[in-house]
Amino acid sequence: MRLTTKGRYAVTAMLDLAIHSDRGPVSLAAISGRQNISLSYLEQLFSQLRRGDLVQSVRGPGGGYRLSRPGQQIFLAEIVDAVNENVDATGCGGSTDCQQGKICLTHHLWCDLSEQIRDFLSGISLTSLVDRREVKNISARQDADCGGDGGLPLRVMTG
């Protein structure tokens, strides 16, 4: 079982958006600079997140993205679902054809684990992550690395 880069990046980008949302709409370029995720990849992810009704786009000068509802109402499982990720610990993808077309001995164990992971992600809101001290410390470091304004990294802005 593993969460792919797509799911990890979607959660990371949404957490960055939640952290910086008090400043108004957040540009994908700013998220890209802070999180080292390509802008084109973020555009694809945010298209899916917008269709999943997790973010809203704001057009015009100073535009970007904002959360579609308060962070305490957005849970990690929703983010993973919005980008079509499947956190499944079974070897068969849940299809019960694990062993030459038949269910294997440990199929139900891995199904139970998948359910536990889903329940775990369903219980974590963006706000609960934003409020964590270690997340605040890392975010402050990233902002400082980007010139203190949360924009693009200094190496990009000056070079």
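The present account deals with the structure reproduced in this document.

Rules of the game
- Residues numbered from 1 in each chain as written.
- Predicted model: local features only at pLDDT ≥ 70, side-chain atom pairs only at ≥ 80, totals over all residues.
- Heavy atoms only, no water.
- Patch = residues over 30% accessible without salt bridge, like charges linked within 9 Å, V, L, I, M, F, W, Y side chains within 5 Å.
- Areas by Shrake-Rupley, 256 points an atom, 1.4 Å probe, with all protein chains shown as cover.
- Salt bridge = Lys/Arg side-chain N within 4 Å of Asp/Glu carboxyl O.
- Buried < 20%, exposed > 50% of the residue type's maximum accessible area, 1.4 Å probe, protein only.
- Helix = DSSP H or I, 4+ residues; strand = E, 2+ residues; numbered from the N terminus.
- Contact = heavy atoms within 4.5 Å.
- Polar contact = N/O pair within 3.5 Å; in protein donor to acceptor, adjacent residues only side chain to side chain.
- Pairing = 2+ DSSP bridges.

A surface patch of nonpolar side chains, amounting to about 270 Å² of accessible area, comprises Leu109, Trp110 and Leu113. Taking the relative accessible area as the measure of exposure, tryptophan 110 reaches 34% and is therefore partly exposed.

What follows is about the environment of tryptophan 110. Relative to the helices and strands, tryptophan 110 resides in helix 5 (residues 107-122). Put simply, tryptophan 110 and alanine 144 are 34 residues apart on the chain and 42 Å apart in space, counted from C-alpha to C-alpha. Once you skip the residues sitting within four places of it in the chain, tryptophan 110 turns out to touch Ala89 and Thr90. A polar side-chain atom of tryptophan 110 sits 3.0 Å from a polar atom in the side chain of threonine 106.

A few words on helix 2 (residues 28-35). Extensive coverage of helix 2 is indicated by the burial of seven of its eight residues. Looking only at helix 2, the buried set comprises Leu28, Ala30, Ile31, Ser32, Gly33, Arg34 and Gln35. In the core, the buried residues of helix 2 are packed alongside helix 1 (5-20), helix 3 (39-51), strand 2 (64-67) and helix 7 (133-145). Asparagine 36 occupies a position one or two residues after helix 2 and carries a positive phi of about 55°.

This part covers the pattern of salt bridges. Scanning all chains against the criterion turns up six salt bridges. Measuring nitrogen to oxygen at the nearest pair gives 3.3 Å for the salt bridge that ties aspartate 143 to arginine 23. Within this pair, whereas aspartate 143 is found in helix 7, its partner arginine 23 is found in the loop between helix 1 and helix 2, the two being separated by 120 residues in sequence. We note a salt bridge from aspartate 145 to arginine 141, for which the minimum N-O separation is 3.6 Å. On the criterion of helical spacing, the pair formed by aspartate 145 and arginine 141 is a turn pair, its members being four residues apart in helix 7. You can call aspartate 145 partly exposed: its relative accessible area is 44%.

Another aspect to go through is the pairing of strand 1 (residues 55-58). In this structure, strand 1 lies alongside strand 2, joined through four bridges in antiparallel fashion. Directly across from serine 57, in strand 2, lies its bridge partner tyrosine 65. Linking strand 1 back to strand 2 in an antiparallel pair, the connection comprises five residues, with glycine 60 at a positive phi of about 95°.

Let us now look at unusual backbone geometry. For asparagine 36, which is not glycine, the phi dihedral falls at a positive 55°. Within the secondary structure, asparagine 36 is located in the loop between helix 2 and helix 3. Positioned with a positive phi, aspartate 53 is a non-glycine residue whose angle comes to about 60°. Mapping aspartate 53 onto the fold places it in the loop between helix 3 and strand 1. A relative accessible area of 47% places aspartate 53 in the partly exposed class.

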